[in-house]
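For reference, the chains in residue letters:
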Amino acid sequence: MERAPWWVLLSAAGAPVFLVGGSTIAQHLQGPAYDPTDDTLSVLASYGARGYWLMTGVLIVLGMSYVTTAHGLREAKFLGRLTLAGGGVSAMALTLVPAPVSGGALKHGLVAGTGFVLLAIWPALAARGGGKSVPWGLNLKVSVIASVLMCAGAAWFALELQNGEAPGVAERVVTFVQAVWPLVVAVSCRVWRGRPVPAGP
């Protein structure tokens, strides 16, 4: 089986770049009333927000980046690639159920929560074992640790949403790590010098 193609690096790199760049511009457009410590990214993508259309585009591009990267990571197990693609679809689905400017939104929360979970568990599901026989980004121990840390980050974000101390900070940390990890895996697959991983689940 062929290794991950060169373009998978571009799609994987696009996720953190568009996430950070787009949200930073949207935050600037929103003005001083927006507090990145207390306010989540969903506020920037809510109806009526000044950066609504920008963040809608960011979510679509972010989701497409995840789906494209999942398609190109040929060394990863199929279930992991499918889960990563599911996280991308969840990101795009958020554009259909944006959060209100104030108050809760059950549908938005369910879609966002699904995306957080899928993007947290995909590394463990994509792993192919240990040792030098696989790219280090798909090493079982490395992948499980990555998933555990992302799940812990998602739990931290959920707790912050409840106590309201710094949900914006927690969300940014978790979403950035989840956006960067596919790039880490893609780079490890491209620089790996071992034999191509055989196709299979």
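Residues numbered from 1 in each chain as written. Predicted model: local features only at pLDDT ≥ 70, side-chain atom pairs only at ≥ 80, totals over all residues. Heavy atoms only, no water.

Comments concerning the overall build of the protein
As a reminder, the rule being used: Segments assigned H or I by DSSP are reported as helices when at least four residues long, segments assigned E as strands when at least two residues long, and all are numbered from the N terminus. Under the scheme applied here, a residue whose accessible area is under 20% of the maximum for its type counts as buried, over 50% as exposed, and between as partly exposed, the area being computed with a 1.4 Å probe on protein chains only. Whether two residues are in contact is decided by their heavy atoms: any pair within 4.5 Å suffices.
Of the regular secondary structure elements, the protein holds 7 helices and 0 strands. When its helices and strands are written in sequence order, the protein yields α-α-α-α-α-α-α. The dimensions of the protein, computed from C-alpha atoms along their principal axes, are 55 × 30 × 25 Å. Relative to its 201 residues, the protein shows a buried fraction of 46%. At a minimum sequence separation of 6, the contacts of the protein that also span at least 24 residues come to 71%.

Quick look at the packing of helix 3 (residues 52-72) against helix 4 (residues 78-93)
The criterion, for reference: Whenever a helix is involved, its axis is fitted only over the stretch in contact; in every case the axis is a line through C-alpha atoms, and angles between N-to-C directions fall within 0 to 180 degrees. Angles are sorted into four bins: roughly parallel if under 35 degrees, roughly antiparallel if over 145, roughly perpendicular if 65 to 115, and oblique for all others. By the definition used in this description, the sense in which the near helix is turned from the far one sets the handedness, with an anticlockwise turn below a right angle giving left-handed and a clockwise turn giving right-handed. Any residue outside Ala, Val, Leu, Ile, Met, Phe, Trp, Tyr, Cys, Pro, Asp, Glu, Lys and Arg is labelled polar, Gly included; the first ten of those are nonpolar and the last four are charged.
It is at 7 Å that the axes of helix 3 and helix 4 come closest, and there the two elements cross at 170°. Taken together, the axis directions place helix 3 and helix 4 in an arrangement best described as roughly antiparallel. The two elements helix 3 and helix 4 meet at a crossing, and its hand is left-handed. Residues Leu59, Ile60, Gly63, Met64, Tyr66, Val67, Thr69, Ala70 and His71 of helix 3 lie in contact with helix 4, whose contacting residues are Arg81, Leu84, Ala85, Gly87, Gly88, Val89, Ala91 and Met92. Within the contact of helix 3 with helix 4, the residues separate by chemical class into 11 nonpolar, 5 polar and 1 charged.

Some remarks on the nonpolar core
Definition in use: Here the nonpolar core consists of buried residues drawn from Ala, Val, Leu, Ile, Met, Phe, Trp, Tyr and Cys, with membership extended through side-chain atoms lying within 4.5 Å.
Counting 34 residues, the largest nonpolar core has Tyr66, Leu73, Leu84, Trp122 and Val185 as the members making the most contacts within it. Counting residues per element, the ones that place at least two in this core are helix 1 (7-30), helix 2 (41-44), helix 3, helix 4, helix 5 (106-126), helix 6 (140-163) and helix 7 (167-191). For this core, the element with the highest residue contribution is helix 3, accounting for 6 residues. Those residues in contact with Val185 that sit more than four places away from it in its chain are Leu73, Trp122, Gly137 and Leu138.

Some remarks on the packing of aromatic side chains
Between two aromatic rings, the relevant description is the distance of the centres plus the angle of the planes. For the record, the criterion: Each Phe, Tyr or Trp ring (for Trp, its six-membered ring) is paired with any other whose centre lies within 6.5 Å, and the angle between the two planes then decides the class: stacked below 30 degrees, edge-to-face above 60, tilted in between.
This structure, assessed with the given rule, holds 3 aromatic pairs. Where Tyr47 meets Tyr52, the ring centres are 5.3 Å apart and the plane angle is 40°; that geometry is what we call tilted. Ring centres 4.9 Å apart and planes at 70° place the aromatic pair Tyr52 and Trp53 in the edge-to-face group. Note on Trp53: relative accessible area 69%, which makes it exposed. Counting every residue linked through ring pairs, the aromatic cluster contains Tyr47, Tyr52 and Trp53.

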